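Breakdown of the fold
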Amino acid sequence: MPAPTRPLHLAAAIDAPDQYQAAYYVELARLAERGSLDFVTLDDSLAPPAPGTGRLDALTVLSRVAPRTQRVGLVPTVTTTHTEPFHVSAGLATLDWVSRGRAGWTVRVSATEAEAGHVGRRPVAPPVALWREADEVADAVARLWDSWEDDAEIRDVATGRFVDRDKLHYVDFVGEHFSVRGPSIVPRPPQGRPVIAVDATDEAVHAFAARHADVIYIRTEDLDTARIVRRTIRQLAAGAGRDPDRLTVLASIQVQLIDPADAVRLAERIADWFRDGAADGFHIRPTAPLRDLGRLVDATVPLLQQRCLFRRFYPGDTLRDHLGLRRPSNRYARPQEASR
Amino acid sequence: MTSGVHRARKRMHLAAHFPGVNNTTVWQDPRSGSQIDFSSFQHLAETAERGTFDFFFLAEGLRLREHKGRIHDLDVVGRPEAISVLAALAAVTERLGLAATVNATFNEPYELARRLASLDHLSEGRAAWNVVTSSDAFTGENFRRGGYLDRADRYTRAAEFLATARELWDSWPLDEEPRPFVHHGRHFDIHGEFTVPRSPQGHPVVIQAGDSAEGREFAASAADVIFTLHGTLEAGRAFYADVKGRLARYGRRPEDLKIMPGVTFVLGDTDAEAAERAVEIRRQQVSGQTAIVFLEQVWGRDLSGYDPDGPFPDVDPEPEGQVTMGRVRHGDRLATAAKWREISEQKQLSIRETVIEVTGRQSFIGTPETVAGALDEFVQTDACDGFILVPHLTPGGLDEFVDRVVPLLRERGSFRTEYEGSTLREHLGLRQPAESEDGTGLDNH
């Protein structure tokens, strides 16, 4: 069978229970980078992952990891329910600046009583309502990323102007739940807009995924389920006026690579699902991160490379490059500037 | 300092402020680099660490400044979100403290306490939080909570925010299971379980910026460092005595709160050369356009028809006019305007020359020896405990100070020659906060 022309994408979760040392996360991200994986993810919420356990703020951890890595994408979860869209936008733009264009954002809502109690501003709401709000947040955040045109900073000594203020834009976002005036305090990030990812396993997330996501995770052990959800979201995206081929749908699977044979079996599974069109790649969630990610990089990835399914090196510098996504034009720029 | 009384030489504390988004930062200079690229932050932080500084300081702004209804375009604008960029700097430095300014009005305790504790873990005990408050509806337009806090409420909210953050930090004691927390207060009503175990410093270092009576009291009750305005030796000593005198009421010792004014400096091979450079920098900082903008802020009206190199305007200020948003307002405008006009007339100065004159020259100007001596005098005579240096250039603005002044301060025995501790608390000589049952630590709650 000839190798498919579309590229395979691989990402890895580096979540580790009760790990609070930067060195641990740096080691995992560098391991992923050694395997030329597209990106690493770090989950988060405004509550403990399980009673009696903890975790650090994911955006802060991956900002700490950024200078210690060169190419691998860095995708923290940042929640939208009890947070400020203005801060979310600035934090992710900053991750993109400190990583020189490798930031992504896994969008997540806060649907639990626990999170509502931790912030104390509003009662818990059903997921459908929270995802509707997340839709507004993603919209506002993306507008804030665009609120500076790329060439807004002019440093024109002759006229004494540091910025061309005609290229800084009020976003004037008014939603059902909040409004934001803008512009951002952070200049447009290197990727224009960091990559947006979401776990769309739950049907309540499909509409959001179709409208906003560049990367979609589907948690399933079942090939047919993956194929069906992928098709559904691609159709919804096309309906929303987006090119479905710009979506990267990753099957998100938990793995345990205890011995080398497991790594071989994983390579088989990845190859099969990918060729079948059930997924554009995999989001690997290791059970024992150092061990499993080590085996993935040292055994599974080389097998996929031998079959010409997976890259041997990073051809680009940014996460968008890895995913084959163009740098987006700026919605506020006049057309002749956008096409430059 | 009373003569004849032997006292051990005080060691000063030094911090580096990343050049800000106002006219102090000179961007027209060919050596001026990016205000947003990580490399600029890395250069300044590495320079500060080479100079064994206590900490690196980032300011914050949550709305771009406006002048006459449009975004102000004459100064540097645009900066990253502080905690994320400091987390990245933790990867390229080993000992330097990392201080983030974060607003207590437009954040919630659980989220911010978590981010700060995360930074403290990820930097192995180098995090600091500069608590600021804001009351303006202008900034509020960028936030869910929007709106406006009465001036009086700003400090009560900030104090309760900080007390709540400390309750959260204390809710997960060292080497123990997390305990549930409950906080019922006027501004925050929250309960549950925190997600970050006790961080290396126990509590990140808390900085308070502001010189008002409420600000001093808040700092005395709850802060580890006060970031204050710089003035004369006499004013510094009076402030120092006042603030340190407030500590006992909260069961605190004078050394529990460090007083660090923000200062600027200009160096030269001779004092005369430094003075010349200082004048040149002032001219860069106050262009003709900038001078008119300053005047319009005080006058509260459009003065664009006036020549900055010509005489002072003959019109009076509009007492209620407001042309600038997102910037601290001047007090009594009529009085300020009268004072400026008087200076202009007395010294025969143009608008631009007057603004250069009245908006403050650099704090310390001279040879490295002169500057080291003057800084040391402030510290040894209890006008302050150290300084937050504000360079006028990004990213090289601290190089000369670290190369030429720091060695002299070390020779005098007034500044460390190497880091003796690893955490920011250790650099500042601050005690580790006690693990208290009620979690309120040093507060009077």
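Residues numbered from 1 in each chain as written. Chains lettered and ligands numbered in written order. Predicted model: local features only at pLDDT ≥ 70, side-chain atom pairs only at ≥ 80, totals over all residues.

Quick word on the overall build of chain A
On a plain count of helices and strands, chain A comes out with 11 helices and 12 strands. The globule rule puts the C-alpha radius of gyration for 340 residues at 20 Å, and the 20 Å found for chain A is close to it. Counting the 340 residues in chain A, one finds 54% classified as buried. For chain A, the share of sequence-separated contacts (at least 6 apart) that also reach a separation of at least 24 residues comes to 74%. (Helix = DSSP H or I, 4+ residues; strand = E, 2+ residues; numbered from the N terminus. Rg over C-alpha atoms; globule rule 2.2 N^0.38 Å. Buried ≥ 20, exposed ≤ 12 C-beta atoms within 10 Å, placed from the backbone. Contact = placed C-beta atoms within 7 Å.)

So, the interface of chain A and chain B
Facing 49 residues of chain A, the contacting portion of chain B comprises 53 residues. Elements with a contribution of two residues or more to the side of chain A that touches chain B: helix 2 (58-65), helix 3 (85-98), helix 4 (113-119), strand 5 (153-156) and strand 6 (161-163) of chain A. If you tally residues by element for the side of chain A that touches chain B, the top one is helix 3 of chain A, at seven residues. Considered class by class, the residues forming the side of chain A that touches chain B number 27 nonpolar, 12 polar and 10 charged. (Nonpolar A, V, L, I, M, F, W, Y, C, P; charged D, E, K, R; others polar.)

A short note on the domain arrangement of chain B
Residues and elements named next belong to chain B. Taken domain by domain, chain B consists of domain 1 (13-268 + 362-428) and domain 2 (287-358). Taken together, the contacts link 10 residues of domain 1 with 10 residues of domain 2. For the side of domain 1 that touches domain 2, a count of residues per class yields three nonpolar, three polar and four charged. (Domains from an automatic or database assignment.)

A few points about the pairing of strand 1 (residues 9-13) of chain A
All names here are of chain A. In terms of residue burial, strand 1 counts as a mostly covered element, since five of its five residues are buried. Residues His 9, Ala 11 and Ala 13 of strand 1 are buried on one face, and the alternating residues Leu 10 and Ala 12, pointing to the opposite face, are buried as well. Looking at chain direction, strand 1 and strand 12 (residues 281-286) are connected through four bridges and run parallel. In the strand pairing of strand 12, Ala 12 is matched with Ile 284. Relative to strand 2 (residues 39-42), strand 1 is paired through three bridges, and the arrangement is parallel. Bridging from a neighbouring strand, Ala 13 pairs with Thr 41 of strand 2. As for the winding sense of the linkage, the β-α-β connection from strand 1 through helix 1 (residues 22-34) to strand 2 is right-handed. (Pairing = 2+ DSSP bridges. Right-handed = clockwise from strand over helix to strand, strands pointing away.)

What about the sheet that holds strand 2 of chain A?
Residue and element names in this part refer to chain A. Taken together, eight strands build a closed barrel; the order of strands is 1-2-3-4-9-10-11-12 and the barrel is parallel. In this sheet, adjacent strand axes meet at a mean angle of 25° when their direction is disregarded. Sheet analysis places strand 4 (residues 104-108) next to strand 9 (residues 195-199), joined by four bridges and oriented parallel. Among the inter-strand pairings, Gly 104 is bridged to a residue of strand 9, identified as Val 195. Against the sheet, helix 9 (residues 289-306) touches strand 1, strand 11 (248-255) and strand 12, its axis set at about 145° to strand 12. (Axes fitted to C-alpha atoms, helices over the stretch in contact; angles between N-to-C directions.)

Some points on the sheet that holds strand 11 (residues 258-263) of chain B
All names here are of chain B. Spatially, 1-2-5-6-9-10-11-15 is the arrangement adopted by the eight strands of the closed barrel, whose pairing is parallel. Along the sheet, successive strands turn relative to each other by an average axial angle of 25°, direction set aside. In this sheet, strand 11 lies alongside strand 10 (residues 225-228) in parallel orientation, the contact comprising four bridges. Following the sheet pairing, Val 225 is matched in strand 11 by Lys 258.

Some points on the nonpolar core
When a protein is soluble and globular, its nonpolar side chains tend to lie buried together. Residues Val 40 and Ile 216 of chain A together with Phe 56, Leu 86, Leu 98, Ile 207 and Leu 389 of chain B are the most contacted members of the largest nonpolar core, which totals 241 residues. The element that contributes the greatest number of residues to this core is helix 5 (residues 127-146) of chain A, accounting for 10 residues. Each of two domains, domain 1 (13-268 + 362-428) and domain 2 (287-358) of chain B, supplies a minimum of three residues to this core. If we skip the residues at most four places from it in the chain, Leu 389 of chain B touches Leu 14, Ala 15, Ala 16, His 17, Val 263, Phe 265, Leu 398 and Phe 401 of chain B. (Core = buried A, V, L, I, M, F, W, Y, C linked by C-beta atoms within 7 Å.)

Regarding the packing of helix 2 of chain A against helix 3 (residues 109-122) of chain B
Contact geometry for helix 2 of chain A and helix 3 of chain B: axes closest at 9 Å, N-to-C directions at 30°. Considered as vectors, helix 2 of chain A and helix 3 of chain B are oriented roughly parallel to each other. The crossing of helix 2 of chain A and helix 3 of chain B is right-handed. In this structure, helix 2 of chain A uses Thr 60, Val 61 and Arg 64 of chain A to contact helix 3 of chain B, whose residues at the interface are Arg 115, Ser 118, Leu 119 and Leu 122 of chain B. Looking at the contact of helix 2 of chain A with helix 3 of chain B, its residues break down into three nonpolar, two polar and two charged. (Parallel < 35°, antiparallel > 145°, perpendicular 65-115°, else oblique. Left-handed = near helix turned anticlockwise from the far one by under 90°.)

Here's the deal with unusual backbone geometry
All names here are of chain A. Across the junction of Gly 182 and Pro 183, the peptide omega takes the value -10°, indicating a cis bond. Mapped onto the secondary structure, Pro 183 falls in the loop between strand 8 (179-180) and strand 9. Positive phi, normally seen in glycine, also occurs at Asp 18, with a value near 55°. With 10 C-beta atoms packed within 10 Å, Asp 18 lands in the exposed category. Even without glycine at this site, Ser 36 takes up a positive phi of about 50°. Assignment of secondary structure puts Ser 36 in the loop between helix 1 and strand 2. Residue classification places Ser 36 among the partly exposed residues on the basis of 19 C-beta atoms within 10 Å.

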